[in-house]
Amino acid sequence: MPEDHANSSGDAAEEVAQLRASLTAAEARIAALEQIIHDLRRDRFGQSAERVDPGQLALALGGAPSAPPPASNDNQPPRDHKPRSERRRNRGRLPAHLERIEQVLNLADRHCPCCREEMRCIGEDRAERLDVVPAQLRVVVTVRPRYACRRCEDGVHQQPAPARIVTGGLPTEALVVQVLVAKYGDGLPLYRQCQILARQGIQLDRATLCDWVGQACWWLRPLRDLILDHVVGHARVFADDTPLPTLERGLGRTREGRLWCYAADDRASLGHGPPAVAYIYARDRKAARPAAHLAGFSGTLQVDGYRGFRRLANQRRGGAVTLAFCWSHLRRRFHKIHAHNGSPIAAEALLRIGALYDIEREIRGQAPEARRAVRQARSAPLVQALRPWLEAQLDKVSQGSALATAIRYGLRHWEGLCCYLEDGRLEMDTNTVEREIRPVAKTRRAALFAGSEGGGDTWAIATTLVRTAILNGVNPQVWLTDVLERMVRSEVSSKALHTLLPWTWRDAQPAAAA
């Protein structure tokens, strides 16, 4: 009897343990599903900004965080945050290159109302207002007189017809560029541009505009390739990708293509090289895609946690490619958790990472040596204290929770997260390339999808040229119009194509820059 009682007690204890384990797993599963639902609702209805108030985070923790942001000697706001009054004010600052049309409001009678003597002008008040002249379509008529000699029989003499970007087509290069920049620079889809043209009496089909854009990008492809070579030849490259739904012809559905984005920009560390961004369309997100795009690259690749980049680095022998991972992606994981349930662990993680970003704002725009010195003195101790804190928190939370996943993400990419401490030319995150993906997302929301894989390639070429021009302070409308006119007239050989790159073109004719 005692043995039976002991066996039954053991079975009951084992059953209780199993029930507790099942309950713990169910609670973790429920928490994970609730996090997914919260993320979906936030993506659809919530704000996209990830701003948090450090004071509120510290208050939620019941006092000052264990790793407070370093104090600054000055009370001035960060140099990339202007006072609200200065941001909103623009009176009296209209650009000097704009045409001025003066309207003089003079007195009808300039005689003194008392003595009737003619009054003298002692000054004037001037006020400027910004006006607009709506875009007007016009017709360029090309007249080619024909000549013939009455005595001779040599035939008719006439100037040859000028080359056109669309053979036998209606548009000039300027109109084609207007369509291209409006879509890929301003997010205005082609069907809306057709509606705008229709209001001025020009009835064009969307397929016609699509053909114009394709013709322009056929000419501009070599220029995109030069920009890509410039980016890949840089020692530090930002890389990322974004979905681009692509219509499958004959099936009436879309497939998820990818638009790969590669950027080079050293302006934050006073680099003198021109910034550039290049896009490449691909059918999928396989690791072979970035490996092919970056075949000639060696240096530091600043990326997110996509495994294909890690495989690329492992395939390059001798450490030719080093991966620097993004703190913004790590912070975003903790921000989602804190926005969902107000987790104190996520709140403290946000405070600790925010302290690193406060330092970065102070040293933005300084020389690489100065940036590295500040990072070693102030950022490195905070980073060194963060890892053991993350490891300690990992033991306190459920291993299946979103919080544990975020902590493991940081620990798994720790070596790449610390790369920026050793090189003042590196950035702390990949926001440089994410800013260049945002215009693609804006255009994608309006246009919904690319009409074909060729349309995806056109999307990549046009966006490369428009965004690179904007990065270099060049008006893409003026630049691309001049470039296409020269290309169509065969004024530039393939060997001199580099003279049409936006930074070279800008230096050659600064008056045309934006």
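## Some thoughts on the confidence of the model for the chain
Working step 1: Per-residue confidence for the chain averages 87 on the pLDDT scale, and 88% of its residues sit at or above 70.
Working step 2: When mean pLDDT is taken per element in the chain, strand E5 (residues 276-282) scores highest with 97 and helix H3 (residues 84-88) scores lowest with 53.
Working step 3: Here residues 64-81 scores under 50 on pLDDT; set against residues more than four positions off or in separate chains, the count is 24 contacts.

## Remarks on unusual backbone geometry
Working step 1: Backbone geometry places Leu270, a non-glycine residue, at a positive phi of 60 degrees.
Working step 2: Looking at the element boundaries, Leu270 is found in the loop between strand E4 (253-264) and E5.
Working step 3: With relative accessibility at 45%, the residue Leu270 sits in the partly exposed group.
Working step 4: Positive phi is not limited to glycine here, since Leu448 has a value of about 75 degrees.
Working step 5: Within the secondary structure, Leu448 sits in the loop between helix H14 (431-447) and helix H15 (453-471).

## Some thoughts on the sheet that holds strand E3 (residues 236-248)
Working step 1: Overall, mixed pairing links the five strands, which are arranged E5-E4-E3-E6-E7 in an open sheet. In this open sheet, the two strands that pair with only one neighbour each are E5 and strand E7 (321-325). Across this sheet, the average inter-strand angle for adjacent strands is 30 degrees, counted without regard to direction.
Working step 2: Here strand E6 (residues 299-303) pairs with E7 via five bridges, running parallel. The residue bridging Gln302 from the neighbouring strand is Ala324, located in E7.
Working step 3: Its contacts with the sheet put helix H6 (residues 206-232) on E3, E4 and E5, and the angle it makes with E5 is roughly 115 degrees.

## Topic: the packing of aromatic side chains
Working step 1: Counted by the stated rule, this structure contains seven aromatic pairs.
Working step 2: Summarising the aromatic geometry, the rings of Trp218 and Trp219 are spaced 5.2 Å apart at their centres and angled 90 degrees between planes, so their arrangement reads as edge-to-face.
Working step 3: According to the relative accessible area criterion, Trp218 is exposed, its value standing at 59%.
Working step 4: Looking at Trp219, the relative accessible area reads 24%, which means it is partly exposed.
Working step 5: Plain terms: the ring middles of Trp327 and Tyr420 are 6.5 Å apart, the flat faces sit at 75 degrees to each other, and that makes the pair edge-to-face.

## Thoughts on the pattern of salt bridges
Working step 1: A full pass over the atoms with the stated rule returns 29 salt bridges.
Working step 2: In this structure, Glu124 engages Arg126 in a salt bridge whose closest nitrogen and oxygen atoms are separated by 3.1 Å. Both residues of the pair, Glu124 and Arg126, count as exposed.
Working step 3: The closest approach of N and O atoms between Glu427 and Arg371, which form a salt bridge, is 2.8 Å. Placement of the pair is Glu427 in the loop between helix H13 (414-417) and H14 and Arg371 in helix H11 (residues 368-394), with a sequence separation of 56 residues.
Working step 4: Owing to a relative accessible area of 7%, Glu427 belongs among the buried residues under this scheme.
Working step 5: Salt bridges sharing common partners tie together Asp241, Glu256, Arg258 and Arg285.

What counts and how
Residues numbered from 1 in each chain as written. Predicted model: local features only at pLDDT ≥ 70, side-chain atom pairs only at ≥ 80, totals over all residues. Heavy atoms only, no water. pLDDT = per-residue confidence, 0-100. Helix = DSSP H or I, 4+ residues; strand = E, 2+ residues; numbered from the N terminus. Contact = heavy atoms within 4.5 Å. Buried < 20%, exposed > 50% of the residue type's maximum accessible area, 1.4 Å probe, protein only. Pairing = 2+ DSSP bridges. Axes fitted to C-alpha atoms, helices over the stretch in contact; angles between N-to-C directions. Phe/Tyr/Trp six-rings, centres within 6.5 Å; stacked < 30°, edge-to-face > 60°. Salt bridge = Lys/Arg side-chain N within 4 Å of Asp/Glu carboxyl O.

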